[in-house]
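# Working through the structure, step by step
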Amino acid sequence: MSLLSRLLNVFRPNELERELDDEVRFHLDQQIARNLRQGMDEGEATAAARRQFGDVIRTKREMREVRMMNRKVVGAFALGVTIGALGVALLWSRARPTAQPMQAQQFYRVGQEGVSMPKLLHEVKPKYTPEAMQAKVAGTVIMECIVQPTGVCEDVYVTKPLDPGLDREAVNSLHSWRFQPGERLGKPVPVLVTIQMSFTLR
Amino acid sequence: MGKSADNLLGTLDLLVLRTLSAGERLHGYSIAERIHQRSEDVLRVEEGSLYPALHRMDEARWIKSSWGLSDNNRRARYYEITKAGRRRLARLEQDWARHVAAVTRVIKLA
């Protein structure tokens, strides 16, 4: 990672998130492709790749922690240098616009510039974990993700967690959902959506 | 599948740095694949340890990362070894050899 991208990441948490997501996704896709070559069908290939990767959320959290630790140091350094060289006023005018995560992200919201809502085509229900079932955990997990023009969800982010195991199941199943992408001026575009998954016990 | 190569005594760092030491730029997937192949399927680096380790070593400047296009035209993060990484590798190789020799001596004596 260059010093420039380190400095930029200080002000753009979503950029870091996107990079982590891209890296993990690339790995999974490589593994899925390999599994397919070895004769598995698509569902099997995806499931095996996910199983082998293990806990995606935990791994990403660890990657994030490594980066954030350094980011704080770089951030403090950047702040010091900037104050020294340019003065507090300029720092504020610089930091404010870049602090908007929306600028780093490339997606639309529904309704913005006439963008239409992505339509759910294929849904996979999340599974209960034995632990959550035993502990009788029930409720909803709310996630945000970007439905890409390809119809898959990327950059899944849990906005309202419920239980570590169930959050993971929810995110995993969301990755298998397929959408008809949202459109702007008749062309498919990435659109931010909020997804709610309920876990109920009877 | 084989045993998982955790980072006991810096083993994982050693394996990753050694894999990159030819000077090639590799993404995480092929680093894992090569370790698996070269160990003749004995060692399997778990992704859950590999990626945090890559990021940690990147922050330590033993390796550096950059985004590029993969064979199948996908955006992928590539890693390559740095000068500091080569120094680190030499050190880890020494430690490893010393450790193996010590364990061997204990086994023989026991």
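Above: the structure in question.
Now for a look at the structure at hand. (Residues numbered from 1 in each chain as written. Chains lettered and ligands numbered in written order. Predicted model: local features only at pLDDT ≥ 70, side-chain atom pairs only at ≥ 80, totals over all residues.)

### Focus on unusual backbone geometry
All names here are of chain B. Just so we agree on the cut-off: Numbering of helices and strands runs from the N terminus, with a helix taken as a DSSP run of H or I at least four residues long and a strand as a DSSP run of E at least two residues long. With C-beta atoms placed from the backbone, a residue is labelled by how many other C-beta atoms lie within 10 Å of its own: buried for 20 or more, exposed for 12 or fewer, partly exposed between the two.
Phi is positive for Arg61, which is not a glycine, with a value near 70°. With respect to the helices and strands, Arg61 occurs in the loop between helix H3 (47-59) and strand S4 (63-69). Under the C-beta neighbour-count criterion, Arg61 is labelled partly exposed, with 13 such atoms within 10 Å. Its identity as a non-glycine residue notwithstanding, Asn73 has a phi of 65°, on the positive side.

### Concerning the interface of chain A and chain B
The following threshold applies: Our contact criterion uses C-beta atoms placed from the backbone: two residues qualify when those atoms are within 7 Å. Amino acids are sorted into nonpolar (Ala, Val, Leu, Ile, Met, Phe, Trp, Tyr, Cys and Pro), charged (Asp, Glu, Lys and Arg) and polar (every other residue, Gly among them).
If you look at the interface, chain A gives 16 residues, while chain B gives 17 residues. Considering every element that reaches the side of chain A that touches chain B, the biggest residue donor is helix H4 (residues 56-86) of chain A, with seven residues. Considering only residue class, the side of chain A that touches chain B consists of five nonpolar, five polar and six charged.

### Digging into the sheet that holds strand S5 (residues 75-81) of chain B
Residue and element names in this part refer to chain B. Our working rule: Two strands make a pair as long as DSSP finds a minimum of two bridges between them.
If you walk across this open sheet you meet the three strands as S2-S5-S4, and the pairing is antiparallel. Only two strands of the sheet have a single neighbouring strand rather than two, namely strand S2 (26-27) and S4. Sheet topology places S2 next to S5; two bridges connect them, and they run antiparallel. Counterpart to Leu26 in the pairing with S5 is Tyr79.

### Focus: the sheet that holds strand S1 (residues 108-109) of chain A
Residues and elements named next belong to chain A. As summarised here, the arrangement of the four strands in space is S1-S8-S3-S4, forming an open sheet in which the pairing is mixed. Edge positions in the open sheet fall to S1 and strand S4 (153-160), since each of these has one partner strand only. Pairing of strand S3 (residues 139-147) with strand S8 (residues 191-199), which is carried by nine bridges, proceeds in the antiparallel orientation. Within S8, the position partnered with Ile146 by the bridge is Leu192.

### Notes on the nonpolar core
One broad trend across soluble globular proteins is that nonpolar side chains are buried collectively. Short version of the rule: Working definition: the nonpolar core is a set of buried Ala, Val, Leu, Ile, Met, Phe, Trp, Tyr and Cys residues, joined through C-beta atoms within 7 Å.
Formed by 25 residues in total, the largest nonpolar core has its most connected members in Val16, Leu20 and Leu54 of chain B. Within the residue set of this core, elements represented by two or more residues are helix H2 (13-37) and H4 of chain A together with helix H1 (11-20), helix H2 (28-38), H3 and S5 of chain B. Sequence-distant contacts of Leu54 of chain B, that is, excluding residues within four places in its chain, are made with Val16, Gly28 and Tyr79 of chain B.

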